[in-house]
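Report on the structure
Spelled out from the first residue to the last, the chains are:
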Amino acid sequence: MYTTASILFKTFADAGITHVFVNWGNDHPAFLEELERERVERGKTVVQIVTCPHEMVALSAAQGYAQVTGKPAAVIVHVDVGTQGLAGAVHNVDRGHTPVLIFAGAAPQSSDLRIKGTKNEWPMWLQDVPDQPSIVRQYMRYTTQIQSGKNAARMVMRALQIATSEPKGPVYLWARREATEEEVDPSVFEEKLDVARWPAVQGPGLSPSAIDSIVDALLQARFPLIITANSGRNPKTVPLLSILSSLLAIGVFTSCPSAVCIPWTHPNYIGLSFGGKNDLLDHADVIIVFEVDIPWVDSKGNRPADDARVFIIDTDPLKTTFGWSHVDAELICRADPEVALSQLINAIESPGIQGLAAVKLSARQARLAELRLTWTSSMETAERVKTLAADQTTPAVPFLLSTLRNAVVSQTPSKGEKTLWINEAISNYPLTWSYLRPEHPGSMISSGASSLGYALGAAVGAFLGGIVAHKEHDLITAVVGDGVFLFGIPASAYWMARRYNTPFLTVVLNNGGWFSPKFSMMGVYPDGLGSAASGQQLTVGFGPEMPDYSQIAVAAGGAWGRRVESADELQAVLEEAVRVVVQEKRSAVVDCIIQSI
């Protein structure tokens, strides 16, 4: 017997989806029955099912999977309540431009024994809400209802086609229980759907006039600057941006990065920020705003020089889903980053252009070398400060992160070359990007958004995705704040890590609560009454009896866990934690006490 659920799973598999992250409910009898039919008849299911005790962890895992593989995963949740349980992860896959297919069952419409799948349990009346997809519609690239198994495959393929076309993102399909229980004829199930006929939309390139304008500006500039953040979501852009920067000695600055856009060691990579003052803007005479959501924060005193020429190249240059976003620009181009970079490189590499450029390159390169030396020297100086001056015990965050980086290098077979960093350090984002020094395309990922709780689930999904994509990671390390750790539903995440053999290292930067709300308050009331108040007083602190974060992971997932309060202990504990993950294949959590809020 085949049902609409049979069609859905078959189409997932035909479309290349390998993993489905699930949280089952009373709307899924046909799915559970179909999976057992596959096991009986085939010996295994057509897709791998990953049981997720919490929906936000499920969607975060799907995001991590998609980020590593470049291909969508699927998530199945339960009616309206499971849709709500996806929580802030919906925001993350939207703003992070991550292709994920979400399917939710819906309460039966009928209460009639003549109809298969009709209401037969008391919660179904309560779950029958007026507009279930409205819960997530504003975050989705596409939402639709599947009403029959006869066209379910085409509905899935349309959804995936939209999800994988720029601007990429999540899609939401839903069906009432009567529809998923619909029995379909074997001929319908055996229909061949040519998935190759459902490609993503090919990304556009720059127009010839845009190429001429941008190249001319770059050739004439004294100090050209590329500001980017998200181009590295496509790993193929990383070497291209490196080449473009090197050809014409163009500085690269990352503003609120979500992915590795240029190798940390590239000589023309000259800085990063998460909303602070960017002094380079005062001097750049040509600025390319390249695949970035927030190139600068105006209220921090950031603005280009009045005579600067500004060009925007982006898959969504007007940020059409932002309530407000604007950059004064000479030219705004909707273009695929990989295509645009290739076009610019080809234009610049022509013999005539190279001759024109050579005169200015040495002066530009010397300036970039000076800027990079200033930046990296300041970081090296900070790394050498081991503890806070106040107590001479608590580790300083730059020292902590450099110690972690060195522990990974010393304890992994690849010397850190095959480590995947999952970064959700939030208030410490600038430091993690600076001191962990991600070098390779795809070697550091983050949610690309602002809903906390992504990293733990993402680590599980990234591990599974790494297997599918043959990434051969020898270590996955999540760096999180203590608030993030709790938002990540750790009991669910570490249970999944043990269940599916996806061990990862977690380093908790524990400042005793939520620094970000206090930081926001100080930004508006720098001299207000709250400026001198403690985190406890402001109700943003978790002390004085903080949770024992590592032991949550121990209890839920058999992890190894330690708390570190002294800088002198860091190296030994971090090295042991890495060893446990790499050699024993167990998750490990190191709870590092840092300066308290």
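Structure's up top.
Read on for a plain summary of the structure. Keep in mind it's a predicted model, so treat the numbers as computed, not measured.

1. Section: the pattern of salt bridges
Following the criterion strictly, the structure yields 30 salt bridges and no others. E181 is the partner of K116 in a salt bridge, and the nearest nitrogen-oxygen pair spans 4.0 Å. With K116 in the loop between β5 (100-106) and α6 (123-126) and E181 in the loop between α8 (177-180) and β8 (183-184), this pair connects stretches of sequence that are 65 residues apart. K116 sits in the partly exposed class, given a relative accessible area of 38%. By relative accessible area, E181 is classed as buried at 8%.

2. What about the pairing of strand β12 (residues 286-290)?
Within β12, five of the five residues are buried, leaving the element largely enclosed by the surrounding structure. Of the two faces of β12, the one carrying V286, I288 and F290 and the one carrying I287 and V289 are both buried. Across five bridges, the pairing between β12 and strand β13 (residues 309-314) is parallel. When the bridges of β13 are listed, I288 appears paired with F311.

3. Observations regarding the sheet that holds β13
The six strands are arranged β11-β10-β9-β12-β13-β14 in an open sheet whose pairing can be described as parallel. Only two strands of the sheet have a single partner each, and these edge strands are β11 (269-273) and β14 (331-334). Here the average twist between neighbouring strands, direction ignored, is 20°. In this structure, β13 lies alongside β14, joined through four bridges in parallel fashion. In the strand pairing of β14, D314 is matched with R334.

4. What to know about the side chain of D80
Residue placement: D80 occurs in helix α4 (residues 79-85). For the buried D80, no salt bridge exists, and the shortest N-O distance to an oppositely charged side chain is 9.6 Å, to R176. Discounting residues that sit within four places of it in the chain, D80 has contacts with Q127, V129, Q132 and I135.

5. Things to note about the packing of aromatic side chains
Tallied over the full model, the rule gives 15 aromatic pairs. For the ring pair W24 and F31, a centre distance of 6.2 Å and an interplane angle of 35° mean the geometry is tilted. With a relative accessible area of 1%, F31 lands in the buried category. A centroid spacing of 5.5 Å and a plane angle of 70° characterise the contact between F485 and Y549, whose relative ring orientation is edge-to-face. You can see F485 sitting in helix α17 (residues 482-487) and its partner Y549 sitting in helix α20 (residues 549-557), a full 64 residues away along the chain. Taking relative accessible area as the criterion, F485 reaches 0% and is therefore assigned buried.

Conventions adopted
- Each residue is numbered by its place in its chain's sequence as written, counting from 1.
- Given that the model is predicted, a residue must reach a pLDDT of at least 70 before its local features are reported, and side-chain atom pairs must reach 80 or more before they are shown or counted; all residues, however, enter totals for whole chains, interfaces and linings.
- Calculation of side-chain values draws on the structure's entire complement of heavy atoms; hydrogens and water are dropped beforehand.
- The rule for a salt bridge is simple: a side-chain nitrogen of Lys or Arg has to be within 4 Å of a carboxyl oxygen of Asp or Glu.
- Helix numbers and strand numbers start at the N terminus; a helix is a DSSP run of H or I with at least 4 residues, a strand a run of E with at least 2.
- Residue burial is assigned from relative accessible area. The probe radius is 1.4 Å, only protein chains are included, and a residue is buried under 20% of its type maximum, exposed over 50%, and partly exposed in between.
- For two strands to be treated as a pair, DSSP must find no fewer than two bridges joining them.
- Note on geometry: axes are C-alpha line fits, over the in-contact stretch for helices, and angles between N-to-C directions span 0 to 180 degrees.
- For the purpose of counting charges, residues Lys and Arg are taken to be positive, whereas Asp and Glu are taken to be negative. His and the chain ends are not included.
- Should any heavy atoms of two residues lie within 4.5 Å, those residues are counted as being in contact.
- Working definition: a ring pair exists when centres of Phe, Tyr or Trp rings (six-membered ring for Trp) sit within 6.5 Å. Plane angles under 30 degrees give stacked, over 60 give edge-to-face, the rest tilted.

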